[in-house]
Structure formats: C-alpha cells, structure tokens
Amino acid sequence: MTAPSPSPGRPPAELAGRTALVTGAAGGIGAACVLRLAAAGARVRALDRDAAALAELARTAEGEGAGASVETVVLDLGDLDAAEHVAGGADILVNNAGVQLVRPIEDFPPDAFHAILTVMLEAPFRLLRGALPHMYAQGWGRVVNISSVHGLRASAYKSAYVAAKHGLEGLSKTAALEGARHGVTSNCVSPGYVRTPLIERQLSDQADAHSLPAERVVTDVLLAGQALKRLIEPEEVAEAVAYLCGPHAGAVTGATLTMDGGWTAR
C-alpha cells in the first residue's frame, strides 16, 4: 500500500505572522514540518546539529518558494542553556529531535541512556522554559511534541527511547494543564514507524538483536503489530502538526494524536 498523495496547491496562510521553532529539522519528520509550516505562512527556525543537511533543507525551501521564511540554526540540543535561549520568542514549538540505540538493558551503555534522555526529554523541557514566557505574554501558543507509539507502548531493546517518549507524553500533558489559561495548547503526535533516516539506521541494530536478515526487519519486526502494512510518510506527520497549530485546533490540548496504522487498536 502507498501513502495518499498530498492535496494539490499551496495551503492557506493560516500561520502568517507566527514564528515556529522545529528541532531535529534537517531531515525526516522535522524537515517535512519546516516546509509545511512555512507553506502555512509561519517564519520557521529550523534547528539541527547537522549543518550540511540544514543547508540542503534551505535549498529545498528556496525551491518551494519558502526560502525567505526558513532560518537555519545549527545547535546541538545537548547544550541545554543554548536550547532554552534559542526558543525565546517562538509562537509555535515543535519538539521533534530524536536519537535511537537498540540494545538489551544489561548491555545498554549508561552514557548513551543519559544522552538520549537529554536530547529527547530534558531538551524539550528547556525549550518549553524558553518559549512559554513569550507565549503566555501574548495569550497564544502552540506546542507540538513528536512522540511515538513508543510513548504509549514499549518494545524490547529500546529502554532509553521508550523512557524518553513516555516522559515526553507526560511533559506535554503537564504543559497543557499549565498553559490552558494562557491560550497555549500542548499536544503529542505519536506515529508508528515513519520513513526517516532514524528508522533506516535502526535496521542493522534490529537485525542483530532479533537474529534476522535486515530485509525482514521491516515486515517481521517493525510492522508486526501494525494493521496498516506500510511505513508512515513524514509529510503525513507534518499535516497533523499543521492541524494542531492551526485555528481549528484551539480546543485540542493535552491530547495524543496517534498515527500508528492501528498498532494501539489491539
């Protein structure tokens, strides 16, 4: 099965005048969110540690007529103070950056566990600290946390990733409760397996962990619990993000929008 084709034409400029910050913006879901929010009229700060990939994203945005709306920011989210600072003035915050390592718990390197939780849980907290004062002052803001089906369900060999995503779901709900009286919403988009470089890099680790050839990992492992037997496309996730940032989602907060092909229906 293939993903639905995007609707023709440019979306309405529903986010004109808004500034959005997207982390992990250089590829995959992050890049799709940057382009989609820019198409909706937002000025987008595209943040990533990969300068070369950010430059490629800027060229893509230029080719789509959104070059003037995209500012690239090279930053490693391990620098938590810098992350908090760069979020200042953002009307929209999309916490997307993620890393993965597949190992049994007894073999999981403690420093890698710490690094994954830093990037995927502590950095979103610090970005919220930086962004919320401006959102509160103006009485409007949108926080969208790119979680995962692993924020709702666990899988073996992914202790750090599962712990971080479960934590992100809780952080998002707390931000929703605190932000409601200030006009700020906070939600998660929680996809299943998305066609991204992060997934592609997992294949060899998963093949080793499950003693399977790499070509069988997608069908026998990744999509084993998913009713819809295809990978989700980054653009599908970006459409969900754009909806949550738009004018029709003002009453949606503290929610998790699952895009998991039916995984959690079981």
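Okay, so let's go over this structure. As a convention, each chain's residues are numbered from 1 in the sequence order in which they are written. Totals for whole chains, interfaces and linings use all residues, but because this is a predicted model, local features are given only for residues with pLDDT of at least 70 and pairs of side-chain atoms are given and counted only at 80 or more. Processing note: side-chain calculations cover all non-hydrogen atoms of the structure and skip hydrogens and water entirely.

## Focus: helix H5 (residues 159–179)
Step number 1: An ideal rise of 1.5 Å per residue puts 30 Å on 21 residues; H5 measures up with 30 Å between its terminal C-alpha atoms.
Step number 2: Within H5, the full set of buried residues consists of Ala160, Tyr161, Val162, Ala164, Lys165, Leu168, Glu169, Leu171, Ser172, Ala175, Ala176 and Gly179. Numbering goes from the N terminus for both helices and strands, where a helix is a DSSP run of H or I of at least four residues and a strand is a run of E of at least two. One less than the residue count of a helix, multiplied by 1.5 Å, gives the span that helix is expected to have. Exposure categories follow from relative accessible area, calculated using a 1.4 Å probe and restricted to protein chains: below 20% of the type maximum is buried, above 50% is exposed, and the middle band is partly exposed.

## A word on the nonpolar core
Soluble globular proteins tend to bury their nonpolar side chains together.
Step number 1: Formed by 37 residues in total, the largest nonpolar core has its most connected members in Leu37 and Val189.
Step number 2: Of all the elements in the fold, those that place two or more residues in this core are strand S1 (19–23), helix H1 (28–39), strand S2 (43–48), helix H2 (51–63), strand S4 (92–95), strand S5 (141–146) and helix H8 (234–245).
Step number 3: In terms of residue count, H1 provides more of this core than any other element does, eight residues in total.
Step number 4: With residues up to four places along the chain from it excluded, the contact list for Leu37 reads Leu15, Ala20, Val22, Ala42, Val44, Val94, Ala242 and Cys245.
Step number 5: Here the nonpolar core consists of buried residues drawn from Ala, Val, Leu, Ile, Met, Phe, Trp, Tyr and Cys, with membership extended through side-chain atoms lying within 4.5 Å. By size, the runner-up hydrophobic cluster in this structure holds 32 residues, among which are Leu80, Ala87, Ala131 and Ala160. A contact between two residues is defined here by any heavy atoms of the two lying within 4.5 Å.

## Side note on empty space enclosed by the protein
Step number 1: Cavity: a set of points on a 1 Å grid over the protein atoms alone where a 1.4 Å probe fits but cannot get out. Pocket: an open set with protein on both sides within 12 Å along at least five of seven lines, its lining residues, like those of a cavity, having an atom within 4 Å of a point. Grid points are joined across faces, edges and corners, and a volume is the space filled by probe spheres set on the points. Under the definition given, this model contains one cavity of 30 Å³ or more.
Step number 2: The calculated volume of the largest cavity comes to roughly 60 Å³.
Step number 3: Lining the largest cavity are 13 residues, and of these Asn95, Asn96, Ala97, Val119 and Pro124 lie nearest its centre.
Step number 4: Secondary structure elements with two or more residues in the lining of the largest cavity: helix H4 (110–138) and H5.
Step number 5: Tallying contributions element by element places H4 first for the lining of the largest cavity, with five residues.
Step number 6: Under the scheme applied, nonpolar residues are Ala, Val, Leu, Ile, Met, Phe, Trp, Tyr, Cys and Pro; charged residues are Asp, Glu, Lys and Arg; polar residues are all the others, including Gly. When grouped by side-chain class, the residues that make up the lining of the largest cavity number nine nonpolar, three polar and one charged.

## Some details on the packing of H1 against H8
Step number 1: Note on definitions: angles span 0 to 180 degrees between N-to-C directions of axes, and those axes are lines fitted to C-alpha atoms, for helices only across the stretch in contact. Interhelical geometry of H1 versus H8 gives an angle of 50° and a closest axis separation of 8 Å. Between H1 and H8, the interaxial angle falls into the category oblique. Pair H1 / H8 crosses with right-handed handedness. Side by side, H1 and H8 meet where Gly28, Ile29, Ala32, Cys33, Arg36 and Leu37 of the first sit next to Pro234, Glu235, Val237, Ala238, Glu239, Val241, Ala242 and Cys245 of the second.
Step number 2: Grouping the constituent residues of the contact of H1 with H8 by class yields 10 nonpolar, one polar and three charged. Angles are sorted into four bins: roughly parallel if under 35 degrees, roughly antiparallel if over 145, roughly perpendicular if 65 to 115, and oblique for all others. Helix crossings get a hand from a simple test, with the near helix turned counterclockwise from the far one by less than a right angle marking a left-handed crossing and a clockwise turn marking a right-handed one.

## Considering the environment of Lys165
Step number 1: Inspection of the secondary structure puts Lys165 in helix H5.
Step number 2: For Lys165, a relative accessible area of 4% gives the class buried.
Step number 3: As for Lys165 and Ser190, which are separated by 25 residues in sequence, their C-alpha atoms are 9.2 Å apart.
Step number 4: Once residues lying within four places of it in the same chain are set aside, the contact partners of Lys165 are Met120, Ile146, Ser147, Ser148, His150 and Gly151.

By themselves these figures say nothing about function.
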